[in-house]
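# Results of the structural survey
Here is how the chains run, residue by residue.
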Amino acid sequence: MRRRVVLLGAPGAGKGTQAQRLAESERLLHLSTGDLLRAAVKAGTDLGKQARAHMEAGQLVPDDLVFQVLFERLRAGADAFLLDGFPRNRAQAEELDRRLAAAGTPLDLVLDIEVPDARLVGRLTGRRTCKGCGRNYHVEFLPPRRSGSCDACGGELHQRADDSPHVVAERLSVYHELTEPLKAYYRDAGLLLTIDGDRPVAEVGRALLDGLKQDGRVQPARRG
Ligand code: AMP
């Protein structure tokens, strides 16, 4: 079983939803840099104040701030983790490799959830997120049992500020420019496994779990 895993994919591809499920069922430490940064913004820390404007604009938060929130947590659980929303550019991927190599715990899988662009906008603008625990829902594809409240903790559901249409467009363009090239980076490292994310949540979840359980080297995808 692969236990040091990165989930890659565009905003709206389903990383957060799938990461929560997989981390729970497979007992992996789920680290979402988006969640960690939102918590810092909410708590009003200096780091949160510096991150906020970047997040509201749909741009990446500077690497040094992201490293601060992530690596203090990753140190404690470097043996079994699922990274969600990190890395998002080449410098972050290289820093992660460097730190994990120094700890003797290199990555063993990168799961790339692929969803066509045309689907992502509707997924993001229809998304509702729990204010309490951060769990994601969708008004159409993944509604909560009781409208407006979280199945898991009963918290209030809301629309994230950066899920509004104009910020979504910026986030997708940042993804294509800076994050998508990481597919080639991880393919070259023999770590990339691409999963079709344009399917029901449970089916995608099963495919991801199969990927985690796959033995041997990941078959490098053909370059298109
Ligand atoms: P997410 O919840 O992953 O969509 O992240 C929400 C926002 O947090 C992003 O649009 C960025 O502004 C910021 N963010 C999250 N993760 C990172 C990261 N690895 N690098 C830079 N900014 C990030």
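A short tour of the structure in this document, coming up.

Procedures and definitions
Chains are numbered independently. Their residues run from 1 in the order of the written sequence. Side-chain atom pairs in this predicted model are given and counted only at pLDDT of 80 or more, local residue features only at pLDDT of at least 70, and totals for whole chains, interfaces and linings cover all residues. Hydrogens and water molecules were not included; the side-chain quantities draw on all heavy atoms of the structure. When DSSP locates at least two bridges between a pair of strands, those strands are taken to pair. Think of it this way: any DSSP run of H or I at least four residues long counts as a helix, any run of E at least two long counts as a strand, and we number them from the N terminus. By the convention used here, residues are in contact when the closest approach between their heavy atoms is within 4.5 Å. Between N-to-C directions, angles span 0 to 180 degrees; the directions come from axes that are lines fitted to C-alpha atoms, helices contributing only their stretch in contact. Burial status follows relative accessibility: with a 1.4 Å probe on protein chains alone, a residue under 20% of its type maximum counts as buried, one over 50% as exposed, and anything between as partly exposed.

### A look at the sheet that holds strand 6 (residues 136–138)
Ordered by their spatial adjacency, three strands build an open sheet running 6-5-7, and the pairing between neighbours is antiparallel. If you trace the sheet from one side to the other, it starts and ends with strand 6 and strand 7 (157–158), each paired once. The pairing of strand 5 (residues 127–130) with strand 7 spans two bridges and is classified as antiparallel. Note that in strand 7 the partner of Thr129 across the bridge is His158. Along the sheet, helix 6 (residues 117–125) contacts strand 5 and strand 6; its crossing angle with strand 5, the most-contacted strand, is approximately 45 degrees.

### Let's talk about the environment of Gly132
Along the chain, the position of Gly132 falls in the loop between strand 5 and strand 6. Along the primary structure Gly132 and Cys153 are separated by 21 residues, whereas in three dimensions their C-alpha atoms are 7.2 Å apart.

### As for unusual backbone geometry
Residue Pro87 is bonded to the preceding Phe86 through a cis peptide linkage, with omega at 0 degrees. With respect to the helices, strands and loops of the structure, Pro87 is situated in the loop between strand 3 (81–84) and helix 5 (90–103). Of note in the backbone geometry, Arg27 takes a positive phi value of approximately 55 degrees without being a glycine. One can find Arg27 in the loop between helix 1 (15–26) and strand 2 (29–32). With relative accessibility at 71%, the residue Arg27 sits in the exposed group.

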